[in-house]
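# Working through the structure, step by step
If you want the building blocks of each chain, they are given just below.
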Amino acid sequence: MRLQLGIAVAALLLCGSARADQVVIRGNYWRDRNTRVVQPEIDISKELPSGTSVGAHYLLDTITSASVAAGVIRDKPFTELRNEVGFRLGQRLGPTQHTVSYSYSGESDYWAHTLSVASNFDFFQKNSTLGLVTTYGTDTIAQRQGATIYNRLGGLQTFGFIASWTQIVSKYALLVGEYDIKVQGFGSAKGKVTGEPDANTGFQSNAYRSVVLGGSPAREVVPFQRIRQSFSGSLHLTIPTGVKISPYLGLRPSYRYYSDDWSIHSSAVELRMYFPVGPVELRVTGRYYTQKGASFYTQIGGTPNYEGDASRGLPCTGCRSSASHGATRLYYTADPKLSPFSAVFLEFRVLLKLEPVFRRVHHALPRWLSEGLVEVTYGHYFNDRLPQKTFGD
């Protein structure tokens, strides 16, 4: 979920201030086999006549889980709260837009600070746009020992960079390409608890997840650095229909390739369609995702298990950090997200534009209400292999 939030923040920065004054209030609900998340959020932005834009957001994750991975001793319902607050300041200078943002996220055993700097550059009468985003994050990771007691395990420092190019191809076509790189884990300081190199700057294990190692359960250990890259492209098409009540059909095919030095490689193919009917716009999304597992992941009968020659773990054959590879550095994990698997995602959204509905009483309503949008979205993941066993759909 933190990854999803990071992507959302990056997308917001790339877009800049699309509207002068905007308030977004959204409620999110997530459910899988073990976990329920209720997440209200609010985002407010304001653009001044000088070209300066300011914004702030707040969200709350209320996480209820029946899994020991959530930090409970026994398998029983448990509620965790995570608060996030963020601020951003932007300035338009001629054909460029620059934004600086900061966010803080805190829960009982994880605290995160993220600083981002984004710039958009328009070229060729705004037919082309270059977007650049640089992010730096520093997190603190702990293991909860009780309701108010925790044991600090280490930290995580992250550097990320995103470059995107948006090109208007024709009156009805827009092409977008993007390259992302993220380095998670730096330095060589000793962890206060683990005694491992880079634990203070690259701790990425789950403090509560265990794996069968040589016939006995052990807390998972993964490398202290991870270099992640992705390339993506999308084509945005608008096809006029000539029908007044449904004037266009929108299509957005896209593809994303991802790889990291833990030897995970993935591909995602997506098609999104937009279809308006009067003041309502319908959106349907279909995505297929498949990935190869990490080099140090192994399983028996579809369950993470390290036996035989792997009874002490496996090396990270692709790791680039000298502290993370070598014959003496062995790792073991039970993380479903590091296993080989495929997934299908289907999503349906209904968006209602209020202005056509309230057109007759437009002047009697506040502008923020009459020009508002209301949307409802439902998405469903279909997993296979270990994610299906762990999370279900």
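In this report, we go over the structure that sits alongside the text. (Residues numbered from 1 in each chain as written. Predicted model: local features only at pLDDT ≥ 70, side-chain atom pairs only at ≥ 80, totals over all residues. Heavy atoms only, no water.)

### Side note on the pairing of strand E2 (residues 35–47)
Walk down a regular strand and you will see the side chains alternate between the two sheet faces. As judged from the 11 bridges shared by strand E1 (residues 21–31) and E2, these two strands associate in the antiparallel manner. Paired with Arg31 across the strands is Arg36, a residue of E2. Joining the antiparallel neighbours E1 and E2 is a turn of three residues. Two elements, E2 and strand E3 (residues 52–65), share 11 bridges in a ladder whose sense is antiparallel. Bridge pairing in E3 places Glu47 opposite Ser53. (Pairing = 2+ DSSP bridges. Helix = DSSP H or I, 4+ residues; strand = E, 2+ residues; numbered from the N terminus.)

### Observations concerning unusual backbone geometry
One non-glycine residue with positive phi stands out, namely Lys126, at about 65 degrees. Turning to its location among the elements, Lys126 is positioned in the loop between strand E6 (110–123) and strand E7 (128–144). With a phi angle near 55 degrees, Arg385 is a residue other than glycine that sits in the positive phi range. Along the chain, Arg385 falls in helix H5 (residues 385–391).

### Here we look at the pattern of salt bridges
In the structure shown here, the tally under the stated rule is 19 salt bridges. The partner of Arg209 in a salt bridge is Asp335, and the shortest N-O contact between them spans 3.6 Å. One end of the pair, Arg209, is in the loop between helix H2 (199–202) and strand E10 (210–213); the other, Asp335, is in the loop between strand E17 (303–306) and strand E18 (341–353), with 126 residues separating them in the sequence. Measuring nitrogen to oxygen at the nearest pair gives 2.8 Å for the salt bridge that ties Arg349 to Glu281. With a gap of 68 residues between them, Arg349 in strand E18 and Glu281 in strand E15 (residues 280–291) connect regions that are remote in the sequence. According to the relative accessible area criterion, Arg349 is buried, its value standing at 8%. Ionic contacts of the salt-bridge type, sharing partners, join the residues Arg26, Glu281, Arg349 and Glu375 into one network. (Salt bridge = Lys/Arg side-chain N within 4 Å of Asp/Glu carboxyl O. Buried < 20%, exposed > 50% of the residue type's maximum accessible area, 1.4 Å probe, protein only.)

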